[in-house]
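Per-entry structural report
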Amino acid sequence: MKVKVWGARGSVPAPGPETMRYGGNTSCLQVTLSDGTPLILDAGTGIRTLGLACPAPMNQFPILLTHLHLDHIQGLLFFAPSFQPENNLTIWGPSAGEASLEDRIARYISAPLSPVEVRELPCHVSFRDSPTTEWEIGPARIQAASVTHRGPTLGYRITDGDESLCYIPDHEPVLGGPLDECDPEWISGFELAQGVDLLVHDCQYRDEEYPTHVGWGHSSITDALHFCRRVEARNVLLFHHDPLHSDEMLDAVGELAAEYWSDHGGDPSVLTMAVEGAELEVTGAALSPRPG
């Protein structure tokens, strides 16, 4: 599987000179499967540039939404393929008893927030609740499971042959408790991420910031690393950077993460800080940058 980061920021876009290296667009990841099938994970503002870069013959766009907070759907209205009649968008997301996935997304893509209604999009678009059982897209098997975050929220595991990727961008594995002392059944997302080749995981808060954000649905850097170690992820992409964290602050987070991993007997080279525009390749053994 090949992975490209189109947006790695959380909560709100953060453009500007202090965030140029890591990027300011919100959550969007492109996964290219072994047969060339593209999967889009979340539709934050990063999906806008993804859409502009799509090759013309590509007309199938499966989009897996983890949840419907604005930083994960805001780019849908600016996704160029949505306005091309020959294209087919299939949008998967969490179910909710209050309303259908389409109706909930339409609260954003409608007046007074938008000049265009969902029903007016010229492409062919369908909305589907992500199943609680495994399903297939192209050669990949997809699993979705609820994880701890405010509002109905999913994590996804994608398995293509011998390669596996787990995407949990908004996650609080244990609410304010000692994660290392919890049994696996009490850790949100444990089974979904266990033994995965690449885990893309929330690292929004520095440790000193987390105590004032308990219950907000995001991880401290240390809790994120505890979780990654507990599930025995082979490689980790630290994701969903706080909009207040400058490039220099994220450099420091990356250094702290590498030090933690080394102190616990691991190889810090398996950790990567998500950078907008980065391209990676997942194998059964290691994560490697794609040749430029």
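Note that the structure is predicted; figures quoted are calculated from it, not measured.

Conventions and cut-offs
- Residues numbered from 1 in each chain as written.
- Predicted model: local features only at pLDDT ≥ 70, side-chain atom pairs only at ≥ 80, totals over all residues.
- Heavy atoms only, no water.
- Phe/Tyr/Trp six-rings, centres within 6.5 Å; stacked < 30°, edge-to-face > 60°.
- Helix = DSSP H or I, 4+ residues; strand = E, 2+ residues; numbered from the N terminus.
- Buried < 20%, exposed > 50% of the residue type's maximum accessible area, 1.4 Å probe, protein only.
- Axes fitted to C-alpha atoms, helices over the stretch in contact; angles between N-to-C directions.
- Parallel < 35°, antiparallel > 145°, perpendicular 65-115°, else oblique.
- Left-handed = near helix turned anticlockwise from the far one by under 90°.
- Contact = heavy atoms within 4.5 Å.
- Nonpolar A, V, L, I, M, F, W, Y, C, P; charged D, E, K, R; others polar.
- Pairing = 2+ DSSP bridges.

Glancing now at the packing of aromatic side chains. Evaluation of the coordinates by the stated rule reveals four aromatic pairs. Geometrically, the ring pair formed by phenylalanine 61 and phenylalanine 79 is edge-to-face, given 5.5 Å between the ring centres and 90° between the ring planes. Of this pair, phenylalanine 61 sits in strand β4 (residues 60-64) while phenylalanine 79 is found in the loop between α2 (70-73) and β5 (88-93), placing the two residues 18 residues apart along the sequence. One exposure class covers both phenylalanine 61 and phenylalanine 79, and it is buried. Between tyrosine 260 and tryptophan 261 the ring centres are 6.4 Å apart and the planes differ by 45°, which places this aromatic pair in the tilted class. There is no split in this pair, since tyrosine 260 and tryptophan 261 are both buried.

Taken N-terminus to C-terminus, the directions of helix α5 (residues 221-230) and helix α6 (residues 247-263) make an angle of 40°; their axes are 10 Å apart at the nearest point. Here α6 runs oblique to α5, going by the angle between their axes. Considering the relative orientation of α5 and α6, their crossing is right-handed. For the pair α5 and α6, the contacting residues are Ile221, Thr222, Leu225, His226, Cys228 and Arg229 in the first and Val253, Leu256, Ala257, Tyr260 and Trp261 in the second. Looking at the contact of α5 with α6, its residues break down into eight nonpolar, two polar and one charged.

Another aspect to go through is the sheet that holds strand β9 (residues 154-160). Taken in spatial order, the seven strands make up an open sheet running β7-β8-β9-β10-β11-β12-β13, and their pairing is mixed. Here the strands that pair on one side only, and so sit at the sheet edges, are β7 (135-137) and β13 (271-273). Each strand axis lies, on average, 20° off the axis of its neighbour in the sheet, ignoring direction. Across the sheet, α5 touches β10 (163-168), β11 (198-202), β12 (236-239) and β13, and the angle it forms with β11 is around 155°. Where α6 meets the sheet, it contacts β12 and β13, and its direction lies at approximately 170° from that of β13.

Buried residues dominate α5, accounting for seven of its ten residues. Along α5, the residues that are buried comprise Ile221, Asp223, Ala224, Leu225, His226, Phe227 and Cys228. Those residues of α5 that are buried are in contact with β10, α4 (190-193), β11, β12, α6 and β13. Residue glutamate 232 follows α5 closely and has a positive phi angle near 60°.

Inspection of the secondary structure assignment puts leucine 225 in helix α5. For leucine 225 and alanine 193, which are 32 residues apart along the polypeptide, the C-alpha to C-alpha distance reads 13 Å.

Spatial relationships are all this shows, so hold off on functional conclusions.
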